Amino acid sequence: MKKDSTGPRPRFFTPNEVSSHNTASDIWVSFLGHVYDLTKLVEEHSGDVLLKPIIDVAGLDISHWFDPRTHDIRHYIDPVTHCLLPYTPHGRFIHIAPPYPSSDFANDFGIPWWKDEKYRIGVLSKKVRFIRILNVLTLQDQVIEVCSEENMHEILERYLKYNQHAASYTWKYNGEVLDMEKTLEENEIKDDDTDFDRLKMRDDSYLQSVMLYYNDDLTEA
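Per chain, residues are indexed from 1 in the order of the written sequence. Reporting of local features is limited, given that this is a predicted model, to residues whose pLDDT is at least 70; pairs of side-chain atoms are given and counted only at 80 or more, and all residues count toward the totals for whole chains, interfaces and linings. Water and hydrogen atoms play no part in the side-chain values, which are based on all heavy atoms of the structure.

A. Representation of the overall build of the protein chain in the model. Per the convention used, a helix needs a DSSP run of H or I reaching at least four residues, while a strand needs a run of E reaching at least two, with both numbered from the N terminus. A count of helical and extended segments in the protein chain gives 5 helices and 14 strands. Each residue is assigned to one of three classes by its accessible area relative to the maximum for its type, calculated with a 1.4 Å probe on protein chains only: buried under 20%, partly exposed between the two thresholds, exposed over 50%. Burial status across the protein chain gives 37% buried among its 221 residues. By the convention used here, residues are in contact when the closest approach between their heavy atoms is within 4.5 Å. Sequence separation of 24 or more characterises 59% of the internal contacts of the protein chain that already satisfy a separation of 6 or more. Reported accessibility uses the Shrake-Rupley method at a 1.4 Å probe radius. Residues are deemed covered only where the shown protein chains occlude them. A total of about 13,300 Å² of accessible surface is found on the protein chain, and carbon and sulfur atoms cover 52% of it.

B. View of the layout of surface pockets. Counted as a void, the largest pocket has a volume near 160 Å³. Contributing to the lining of the largest pocket are Pro10, Arg11, Phe12, Glu17, Glu150, Glu154, Glu157 and Arg158. Examining the composition of the lining of the largest pocket, we find that 3 residues originate from one element, helix α4 (residues 152-159), more than from any other. Site definitions follow a grid-based scheme: protein atoms alone, a 1 Å grid, a 1.4 Å probe that fits but cannot get out for cavities, and for pockets an open set with protein on both sides within 12 Å along at least five of seven lines, plus lining residues having an atom within 4 Å of a point. Grid points are joined across faces, edges and corners, and a volume is the space filled by probe spheres set on the points.

C. How the structure looks around α4. For α4, every residue scored as buried is listed here: Met152, Ile155, Leu156, Arg158 and Tyr159. Looking down the long axis of α4, one finds its buried residues gathered within 155° of arc, a one-sided arrangement. Buried residues belonging to α4 abut β1 (12-13), α1 (15-19), β10 (128-135), β11 (141-147), β12 (169-173) and β14 (209-214). Between the side-chain oxygen at the start of α4 and the backbone nitrogen of His153 there is a gap of 3.0 Å, and the oxygen is on Asn151. By construction, the arc corresponds to the directions joining the helix axis to the C-beta atoms. Polar contacts here mean pairs of N or O atoms no more than 3.5 Å apart (in protein, one a potential hydrogen donor and the other a potential acceptor; neighbouring residues in sequence count only if both atoms are side-chain atoms).

D. Looking closely at the sheet that holds strand β4 (residues 34-37). If you trace the 5 strands from one edge of the open sheet to the other, you get β1-β9-β4-β3-β2, paired in mixed fashion. Two strands lie at the open edges of the sheet, namely β1 and β2 (22-23), each paired on one side alone. As judged from the 2 bridges shared by β2 and strand β3 (residues 26-31), these two strands associate in the antiparallel manner. Each residue of the ladder has a partner; that of Asn22, found in β3, is Ile27. The rule for pairing is simple: two strands pair if DSSP sees at least two bridges between them.

E. Quick look at the packing of aromatic side chains. Stacked, tilted and edge-to-face pairs are distinguished by plane angle, under 30 degrees for stacked and over 60 for edge-to-face with tilted covering the rest, among Phe, Tyr and Trp rings (Trp via its six-membered ring) whose centres lie within 6.5 Å. Per the counting criterion, the structure on display carries 13 aromatic pairs. Their ring planes at 20° and their centres at 4.8 Å tell us that Trp65 and Phe93 sit as a pair that is stacked. Highlighted residues: Trp65 in the loop between α3 (52-55) and β5 (66-67) and Phe93 in the loop between β8 (84-86) and β9 (120-124), separated in sequence by 28 residues. Given the relative accessible area of 8%, Trp65 is considered buried. For Phe93, a relative accessible area of 3% puts it in the buried group. With centroids separated by 5.9 Å and ring planes inclined at 75°, the aromatic side chains of Tyr76 and Tyr87 adopt a geometry described as edge-to-face. Taken together, the positions of Tyr76 in strand β7 (residues 75-77) and Tyr87 in the loop between β8 and β9 put the pair 11 residues apart, joining distant regions of the chain. For Tyr76, a relative accessible area of 31% puts it in the partly exposed group.

Shown next, in the form of structure tokens:
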């Protein structure tokens, strides 16, 4: 996997992670391949009726709201006025102007929230997969969902909630030490999801297993 020399690696999220943030006090959405935390936006506009369409899609992917070419809200030609208007079938929302001139609409907000980088927190994984991690010392066996784009260091971070000393282990697959800078695929840990689907095999016992071997050193925890 090529390293991005222009800046830090983005954080990757699974759709399940996004969907867990589905309330007005903790609201994430995804669209056009990125994940956005809109909690602050909702707090800033608390009580505004224009929040309803946004709160209604908390935790969901809303790519269908946007034109993938322009990364802006989709538009349509109004059949009455023949004007080009934002397409908001679920109701007008924050930073969308009303269809007709109105003194109630303030357009001095600057960047609309869907273009504001401060709400973007990461990238939505294009492909998630499950992996089994077996601690050879304790025999702890854990299946976790990861993003296929994540390297082993990032997968280790996900695993820390099950074992806070995970960095003090050597990670191996088929007896070979894994390159922690590479993804599962780059470490030749094949994603068998296609075969599982074809054979209708979803039993976790068939998952690829990463083995953890204790280094007798807890200083990295």
